[in-house]
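Working through the structure, step by step
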Amino acid sequence: MTDVAAYATSTGEAFQFWVLGTVAVVGALCTVFMKKAVHSALCLAGTMIVLAVFYLANGAYFLGIVQIVVYTGAIMMLFLFVVMLVGVTAADSLKETIKGQRWLALLCGLGFGILLCAGIGNASLQEFNGLAQANSGGNVEGLAALIFTKYVFAFEITGALLITAAIGAMVLTHRERTERARTQRELAEQRVREGKQLPPLPAPGVYARHNAVDVPGLLPDGTPSELTVSRTLRERGQIRDVSDEAIQDLKALEQRAGERLGREEGAAK
């Protein structure tokens, strides 16, 4: 009877698992299917936070703190700020640089799913020692004992794969310069010959109830100028065209003001 009670799940634990598990799965799906990279990064950060809560609830305090501080607090936030500053165009996300990488990714995903199902099935057929015995000497000590004794080869192989991935990323992003870097004078002369914009670019439009970054400014003739909007927003197609609407609102405001002045003058007479 004692063994059955030890492995039973309380109502609070079951409620926590189903609520947070649903949030984690929804966040993972949004990470894959979101159109904007910033939104995907935010969803992934939320999923990592939920995983950290699972670690803490299961007594793995060290893993929970590391999940929040290292992955969510450092790596994910760094990735999020890089995406927000650099920007990602829609053309880059749809371009396949390596032939057959989608089929390879599908095969790897299928293999990972088989391993995950096998691991869950194996765990359901075995009995566990419990958190009290696993963390008897402390959570950090118990985790270190497993990593450097039973799973030492898997840990070393994982470290080698991560180092290989980091080196491969640096090699792929490195580009050697094949020609001499042009000076500032040469760049200015080239802009003059090509007839590009020589003075500083004009400022974007100004609206009291809207962010002016993605709103083009109006020229003296009333037409919008795309040069007033950032190049990143132009490539993303995120320019908000409100020039016609603003002109119509201005005309309506002038008409109402004229009618009001006419009524006031009539009343005064």
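As the structure is a computational prediction, the values presented were derived from the model and not from experiment.

Right, let's talk about the overall build of the protein chain for a bit. Helix and strand counts for the protein chain stand at twelve helices and two strands. Overall, the protein chain shows an N-to-C arrangement of helices and strands of α-α-α-α-α-α-α-α-α-α-β-β-α-α. Classification of the 269 residues of the protein chain by burial places 13% in the buried group. Long-range pairs, those at least 24 residues apart, make up 48% of the contacts in the protein chain between residues at least 6 apart in sequence.

Considering all chains together, one arrives at three aromatic pairs under this definition. Centre to centre, the rings of Phe-17 and Phe-54 are 6.1 Å apart; their planes meet at 50 degrees, and the pair counts as tilted. Separated by 37 residues along the polypeptide, Phe-17 in helix H2 (residues 11-33) and Phe-54 in helix H3 (residues 37-57) bring together distant segments of the chain. Taking relative accessible area as the criterion, Phe-17 reaches 47% and is therefore assigned partly exposed. Centre to centre, the rings of Phe-148 and Phe-155 are 5.8 Å apart; their planes meet at 70 degrees, and the pair counts as edge-to-face. With relative accessibility at 53%, the residue Phe-148 sits in the exposed group. By way of ring pairs, the aromatic residues Phe-17, Trp-18 and Phe-54 are connected into one cluster.

Let us now look at the pattern of salt bridges. This structure, assessed with the given rule, holds three salt bridges. For Arg-180, the salt bridge identified is with Glu-186, shortest N-O distance 3.0 Å. Close ionic contact of Glu-189 with Arg-185 constitutes a salt bridge, the shortest N to O distance being 3.4 Å. Placement of both Glu-189 and Arg-185 in helix H10 (residues 184-194) is noted, with a separation of four residues, approximately one turn of the helix. Three or more residues are tied together by salt bridges with common partners; here these are Arg-185, Glu-189 and Arg-193.

Relative to the elements of secondary structure, Ser-40 occurs in helix H3. For Ser-40, the side chain forms a polar contact with the main-chain oxygen of Thr-31, separated by 3.1 Å. For Ser-40, the contacting residues outside a window of four places in its chain are Cys-30, Thr-31 and Met-34.

Of all residues in the protein chain, 76% have pLDDT values of 70 or greater, and the mean over the chain is 76. Taking the mean pLDDT of every element in the protein chain, the minimum, 49, falls on helix H1 (residues 2-7) and the maximum, 87, on H2.

Turning to the environment of Leu-146, a few remarks are in order. Position of Leu-146 relative to the elements: it lies in helix H8 (residues 139-150). In this structure, Leu-146 is in contact with Tyr-151 and Val-152, ignoring residues within four places of it in sequence.

This part takes up the side chain of Thr-47. Along the chain, Thr-47 turns up in helix H3. The buried category is assigned to Thr-47, whose relative accessible area is 10%. Those residues within four positions of Thr-47 in sequence are excluded, and the remaining contacts are Ala-24, Gly-27 and Ala-28.

With that settled, the discussion passes to the packing of H2 against H3. In contact at an axis separation of 8 Å, H2 and H3 are set at 155 degrees when each is read in the N-to-C sense. With respect to their mutual orientation, H2 and H3 come out roughly antiparallel. Pair H2 / H3 crosses with left-handed handedness. Contacts from Gln-16, Phe-17, Leu-20, Gly-21, Val-23, Ala-24, Gly-27, Ala-28, Cys-30 and Thr-31 of H2 reach H3 at Ser-40, Cys-43, Leu-44, Thr-47, Val-50, Val-53, Phe-54 and Ala-57. Along the lines of polarity and charge, the residues of the contact of H2 with H3 split into twelve nonpolar, six polar and no charged.

What counts and what doesn't
- Residues numbered from 1 in each chain as written.
- Predicted model: local features only at pLDDT ≥ 70, side-chain atom pairs only at ≥ 80, totals over all residues.
- Heavy atoms only, no water.
- Helix = DSSP H or I, 4+ residues; strand = E, 2+ residues; numbered from the N terminus.
- Buried < 20%, exposed > 50% of the residue type's maximum accessible area, 1.4 Å probe, protein only.
- Contact = heavy atoms within 4.5 Å.
- Phe/Tyr/Trp six-rings, centres within 6.5 Å; stacked < 30°, edge-to-face > 60°.
- Salt bridge = Lys/Arg side-chain N within 4 Å of Asp/Glu carboxyl O.
- Polar contact = N/O pair within 3.5 Å; in protein donor to acceptor, adjacent residues only side chain to side chain.
- pLDDT = per-residue confidence, 0-100.
- Axes fitted to C-alpha atoms, helices over the stretch in contact; angles between N-to-C directions.
- Parallel < 35°, antiparallel > 145°, perpendicular 65-115°, else oblique.
- Left-handed = near helix turned anticlockwise from the far one by under 90°.
- Nonpolar A, V, L, I, M, F, W, Y, C, P; charged D, E, K, R; others polar.

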